[in-house]
Amino acid sequence: MLWTRYAAIGDSFTEGVGDPYEGGAAGGGWRGWADRAAAELAARSNGPGSSGFGSSRFGYANLAIRGRLLDRIVDEQLPAALDLKPDLVSVSGGGNDLLRPGLDVDALAARMDEAVAAIRAAGADAVLFTGVDPVGSPVIRRTRGRVAVYNEHLRAIAARRGAFVVDQWSMDVLRDWRMWGVDRLHMSPEGHRRVALAMLEALGVPDAGDWREPELEPLPELSRGAQRLANARWARGYLAPWVGRRLRGRSSGDTVTAKRPVLAPIE
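Residues numbered from 1 in each chain as written. Predicted model: local features only at pLDDT ≥ 70, side-chain atom pairs only at ≥ 80, totals over all residues. Heavy atoms only, no water.

Peer 1: Account for the overall build of the protein chain, with residues named and values stated.
Peer 2: When helices and strands are tallied, the protein chain shows 9 helices and 6 strands. In the protein chain, buried positions account for 45% of the 267 residues. (Helix = DSSP H or I, 4+ residues; strand = E, 2+ residues; numbered from the N terminus. Buried < 20%, exposed > 50% of the residue type's maximum accessible area, 1.4 Å probe, protein only.)

Peer 1: Tell me what's going on with the packing of helix α4 (residues 70-82) against helix α6 (residues 105-121), and back it up with residues and numbers.
Peer 2: One can describe the packing of α4 onto α6 by two numbers: an axis separation of 10 Å at closest approach and a directional angle of 5°. Taken as axis vectors, α4 and α6 run roughly parallel relative to one another. Touching Leu 70, Asp 71, Val 74, Asp 75, Leu 78 and Leu 82 of α4 are Leu 108, Arg 111, Met 112, Glu 114, Ala 115, Ala 118 and Ile 119, all from α6. (Axes fitted to C-alpha atoms, helices over the stretch in contact; angles between N-to-C directions. Parallel < 35°, antiparallel > 145°, perpendicular 65-115°, else oblique. Contact = heavy atoms within 4.5 Å.)

Peer 1: Describe α4, with residues and values.
Peer 2: Of all bends in α4, the biggest is about 30°, found at Glu 76, and the proline Pro 79 comes one to four residues later. Leu 70, Ile 73, Val 74, Gln 77, Leu 78, Ala 81 and Leu 82 are the residues of α4 that are buried. Each element contacted by the buried residues of α4 is listed here: β1 (5-10), β3 (88-92), α5 (95-98), α6 and α7 (144-161). (Bend = angle between axes of the 7 residues up to and from the residue.)

Peer 1: Kindly report on the sheet that holds strand β2 (residues 59-62), identifying the contributing residues and their values.
Peer 2: Read across the open sheet, the 6 strands follow the order β5-β4-β3-β1-β2-β6; overall the sheet is mixed. Strands at the two margins of the open sheet, each flanked by one partner only, are β5 (164-166) and β6 (260-264). In this sheet, neighbouring strand axes are inclined to one another by 15° on average, regardless of whether the strands run parallel or antiparallel. Bridge count between β2 and β6: 2 bridges; the pairing is antiparallel. Along β6, the bridge assignment pairs Asn 62 with Arg 260. (Pairing = 2+ DSSP bridges.)

Peer 1: Talk me through the packing of aromatic side chains; I want residue IDs and the actual numbers.
Peer 2: Going through the model one piece at a time under the given rule, you end up with 5 aromatic pairs. On the basis of an interplanar angle of 25° and a centroid distance of 5.3 Å, the ring pair of Tyr 6 and Tyr 60 is categorised as stacked. Of the two residues, Tyr 6 sits in strand β1 while Tyr 60 sits in strand β2, which places them 54 residues apart along the sequence. With 5.6 Å between their ring centres and 80° between their planes, Phe 13 and Phe 129 make a pair best called edge-to-face. Of this pair, Phe 13 sits in helix α1 (residues 12-15) while Phe 129 sits in strand β4 (residues 125-129), and the two are 116 residues apart along the sequence. A relative accessible area of 15% places Phe 13 in the buried class. Since its relative accessible area comes to 6%, Phe 129 is described here as buried. (Phe/Tyr/Trp six-rings, centres within 6.5 Å; stacked < 30°, edge-to-face > 60°.)

Peer 1: Explain the pairing of β3 residue by residue, including any values.
Peer 2: In terms of residue burial, β3 counts as a mostly covered element, since 5 of its 5 residues are buried. The alternating pattern of β3 places Leu 88, Ser 90 and Ser 92 on one face and Val 89 and Val 91 on the opposite face, and all of these are buried. Strand direction decides the pairing type here: β1 and β3, joined by 5 bridges, are parallel. Residue pairing in the sheet places Tyr 6 in a bridge with Leu 88 of β3.

Peer 1: Quick one: what's the story with unusual backbone geometry, residue by residue and with numbers?
Peer 2: Residue Pro 214 is bonded to the preceding Glu 213 through a cis peptide linkage, with omega at -5°. Within the fold, Pro 214 resides in the loop between α8 (189-203) and α9 (224-247). Even without glycine at this site, Lys 85 takes up a positive phi of about 55°. When you line up the elements, Lys 85 lands in the loop between α4 and β3.

Written as structure tokens, this is what we have:
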């Protein structure tokens, strides 16, 4: 399959937070797995042709904004993405919702099903992402049960709608803290790189690389005291500010706009 019009929608995961371009996030912006996968798809589809992109046949848009709940992704980003007439749409959402107590997981899955149905009805292929297994997180692991239930919904939606799935839950390497930034919420550049390869694998793109490589040496075990200290520092530096924003009804993406709102060639 050769895709030439790829639109990515979602939250900070798809925006690429944690994976800065050269010069840092302030100078070059966030990269992330979607940009990485788009670059590989572009390299395979570029060539003579028009499609409105000059010498390149491939256009890529990324409308994801950090902090977004699934409702806003579906209500705001999805229509904008479909207006671009894509032939491939990746949609990842629900992770921020799953962190909230009292969430109705079935209702969350119904909204995702609505989104995938709209993508497929528009004639585009869809890519979904299961949640990562949070078993190693001292706080977020409390959501493990609901993440697992949501993942089963996502797999069922993909089977019913004919969508691709990137099964992050089964990617054991993502349980390694080297795949994550210091905030433990956003992936590191290496984590984003491996997810990009996993997406390309799910799409059936040959010879793109193996997300399983290189294998990682085990991390040294920390004493219980060292673990408690690290967890306390993380809670003060990252968890407390996140909770504070939730209590004030604010989001880290309140003043953020989409980094690639229209289809454009990969530079």
